[in-house]
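Topology and contacts: notes
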Amino acid sequence: MATWIRCGSGVKGMKMYILLFLSALPALLLAVKVSPLIEKVSDHKDFKKLLRTRTNVLILYTKSATSGDGQLKLLSDVAQAVKGQGTIAWVNCGDSEGRKLCKKMKVDPSSKKGGAEMLHYKDGTFHTEYNRPETFKSMVAFLKDPTGAPLWEENPEAKDVVHLENEKDFRKLLKKEDRPVLMMFYAPWCGVCKRMMPAFQQAATETKGKYVLAGMNVHPAEFDALKQEYSVKGYPTFCYFEKGKFLHHYENYGATAKDVVEWLKNPQPPQPKTPEVPWSEESSDVFHLTDESFDQFLEEHPSVLVMFYAPWCGHCKKMKPDYDEAAAILNKDKDSPGVLAAVDATIHKTIGERYHISGFPTVKYFENGEEKYTVPHLRSKDKIIEWLQNPQAPPPPEQSWDEKPSSVSHLGAEDFREALKKKKHALVMFYAPWCPHCKNAVPHFTTAADLFKDDRKIAYVAVDCTKGLNHDLCKQEGVEGYPTFIYYNYGKYAEKYNGERGESGFIGFMKTLRGKDQEKVGKRKDEL
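Anyway, here's the lowdown on the structure attached to this text. These numbers come from a predicted model, not from an experiment.

Section: a positive patch on the surface
There is a patch of like positive charges on the surface, built from K45, K48, K49, R52 and K104. Ranked by the residues each element gives to the positive patch, the list is headed by helix α3 (residues 44-53), at four residues. Along the chain, the position of K104 falls in helix α5 (residues 96-104). Take K104: its relative accessible area is 33%, and that puts it in the partly exposed class.

In structure tokens form, the structure reads like this:
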């Protein structure tokens, strides 16, 4: 530096150096703060290439090189956290090239607070304006799942819930807190958790100062040890603490805020549930068969009706009393036309596999040791006895909805979430084939699906809740009756549909959503 002064014109040269240094200072500061992971975009060609090659892009538009200083510092950290999952870019609308690009994109950050605006682009097109909190956690969560629901702590109505980030925060809370703590361990995708959150946060507000109601997302694998420690086997799990010590769980998953508040006044452990006696161990006139006894029993009884069941199956439990009563009547009849037997196909899998049992209950008729008919229509006591008097081939089954050609996507537990993630708007009908209200809705739902069949962002989906693992899926999604209609946005639960169950209702609902999309595009239309 001394050498430069000698080569310059003394004091005059020093002044010029200082002026040059000060003029370059903002750029030098930005260079220090801005991560190389943030892509600087200055012209339309670079912009088009960015959107063509990246599917998940958050762009910060600033009115000048320094107006977005705070956001750029934060975004530098965010960019590191989402590396490989999302892209962050910066457009300075204050320089000549950037001004042209911003004008072309109809973006004016000067009208925004702080002279900066963030817009998100998905799959090459504008998706949404970023309007969630400008915090590291919120922005990372957004970029990892741009169509997902906001974090629970972003909800202003949940301000009185203590939101914990990690196990260290959790341990610290228990150590320092003198007030009783009710902890809600949850997963963001959990339907029951979402239904419980409003009641929980209202209870937190009503009991503020007396109790601490806290929430923590423990779904990530890093919390496996914590979940094991507090027996978190499903979501949500509520744990009650006093003076830092765990006392018991709270298990009212349909609770209102009032229920939670009343329970906190006198917290009691869950009442022990009476263990369910296995059907095979009850006093029953039904013969319970095993892999070992099945063939021998059929040899000894020429006319046998066998119910293949699963202990957890609701339809099996519903049918069981009629089946028991029918068996008692048949066993007392000297001229009985046959006997009734049952097989728990979840235990005796060899027999279940031999007869290709894929759903429960499945009722089959055997004559002289040979399988003769599958009789799905026999469910009541009277029909069972009447049919055994004169066994006939059942009427041909009506073609199921998923076998009929239509534009409705029929999904199951194995592909439900992955398929919905690809659709911006999906209206899902959870149904049971025997439900009369479902049958009435099917043609209208199908017509609506056919109308939107060419729109790749829209899907009308059906899930048969009576099939296999679909039962658990429907329960997880909060389905309590049939049909239940739920709207999903890129695979995320958005709202229940309670509109008209005719063509006009199903079609009008989707047209409204599509109209909102077009409004957004119109406001922020790019001219790629």
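Describing the sheet that holds strand β1 (residues 38-40)
The five strands are arranged β1-β3-β2-β4-β5 in an open sheet whose pairing can be described as mixed. Strands with a single pairing partner mark the edges of an open sheet, and in this sheet they are β1 and β5 (125-129). Across this sheet, the average inter-strand angle for adjacent strands is 30 degrees, counted without regard to direction.

Brief notes about the nonpolar core
In terms of nonpolar packing, the biggest core is built from 26 residues, with W152, L182, M184, F200, L213, V260 and L264 touching the most fellow members. For this core, the secondary structure elements donating two or more residues are β7 (181-186), α8 (191-206), β9 (237-242) and α10 (257-265). Of all the elements, α8 adds the most residues to this core, at seven residues. Each residue touching M184, except ones within four places of it in the same chain, is listed here: W152, C193, M196, M197, F200, A214, G215, M216, P236, T237 and F238. If you look at the next biggest cluster of nonpolar residues, it comprises 25 residues, including V408, A432, A449 and F485.

Here's the deal with the state of the cysteines
Summed over the entire model, instances satisfying the criterion amount to three disulfides. Within the protein chain, bonded cysteines paired by disulfides and numbered along the sequence follow the pattern 1-2, 3-4, 5-6.

Structural notes on the side chain of Q201
Looking at the element boundaries, Q201 is found in helix α8. A polar contact is formed between the side chain of Q201 and the side chain of W152, at a distance of 2.8 Å. When sequence neighbours within four positions are dropped, the list of residues in contact with Q201 reads W152, N155, E157, A158 and V161.

Some remarks on the sheet that holds strand β8 (residues 212-217)
Read from one edge to the other, the open sheet built from five strands follows the order β6-β8-β7-β9-β10, with strand pairing classed as mixed. Looking at which strands have only one partner, the edges of the open sheet turn out to be β6 (162-163) and β10 (245-250). The pairing of β9 with β10 spans five bridges and is antiparallel. Residue pairing across strands places F238 opposite Y250, the latter belonging to β10. Set on the sheet, helix α7 (residues 167-176) makes contact with β7, β8 and β9; between it and β8 the angle comes to about 165 degrees. In the packing of α8 onto the sheet, the strands contacted are β7, β8 and β9, and the crossing angle to β7 comes to about 160 degrees.

What to know about the packing of aromatic side chains
Under the definition given, this model contains 44 aromatic pairs. Look at Y130 and F142: their rings are 5.1 Å apart centre to centre, the planes differ by 75 degrees, and that puts the pair in the edge-to-face class. Taken as a pair, Y130 in the loop between β5 and α6 (136-144) and F142 in helix α6 lie far apart in primary sequence, twelve residues in all. As far as burial versus exposure is concerned, Y130 and F142 are alike and both buried.

Remarks on the environment of A448
By the secondary structure assignment, A448 is in helix α16 (residues 436-451). Its relative accessible area of 0% is what places A448 among the buried residues. Here A448 is in contact with Y460, F506 and I507, once residues within four sequence places are set aside.

Thoughts on the pattern of salt bridges
Throughout the structure, instances matching the rule amount to 26 salt bridges. Between R171 and E167 there is a salt bridge, with its nearest N and O atoms 2.8 Å apart. Of the two residues, R171 and E167 both sit in helix α7, four residues apart, roughly one turn of that helix. In this structure, R354 and D295 form a salt bridge, with 2.9 Å as the shortest nitrogen-oxygen distance. Of this pair, R354 sits in helix α13 (residues 349-354) while D295 sits in helix α11 (residues 294-300), placing them 59 residues apart in sequence. Using a relative accessible area of 39% as the deciding quantity, one classes R354 as partly exposed. D295 gets classed as partly exposed once you look at its relative accessible area, which sits at 35%.

Conventions we followed
Residues numbered from 1 in each chain as written. Predicted model: local features only at pLDDT ≥ 70, side-chain atom pairs only at ≥ 80, totals over all residues. Heavy atoms only, no water. Patch = residues over 30% accessible without salt bridge, like charges linked within 9 Å, V, L, I, M, F, W, Y side chains within 5 Å. Areas by Shrake-Rupley, 256 points an atom, 1.4 Å probe, with all protein chains shown as cover. Salt bridge = Lys/Arg side-chain N within 4 Å of Asp/Glu carboxyl O. Lys, Arg positive; Asp, Glu negative; His and termini not counted. Charge placed at Lys NZ, Arg CZ, Asp CG, Glu CD. Helix = DSSP H or I, 4+ residues; strand = E, 2+ residues; numbered from the N terminus. Buried < 20%, exposed > 50% of the residue type's maximum accessible area, 1.4 Å probe, protein only. Pairing = 2+ DSSP bridges. Axes fitted to C-alpha atoms, helices over the stretch in contact; angles between N-to-C directions. Core = buried A, V, L, I, M, F, W, Y, C linked by side-chain atoms within 4.5 Å. Contact = heavy atoms within 4.5 Å. Disulfide = S-S within 2.5 Å. Polar contact = N/O pair within 3.5 Å; in protein donor to acceptor, adjacent residues only side chain to side chain. Phe/Tyr/Trp six-rings, centres within 6.5 Å; stacked < 30°, edge-to-face > 60°.

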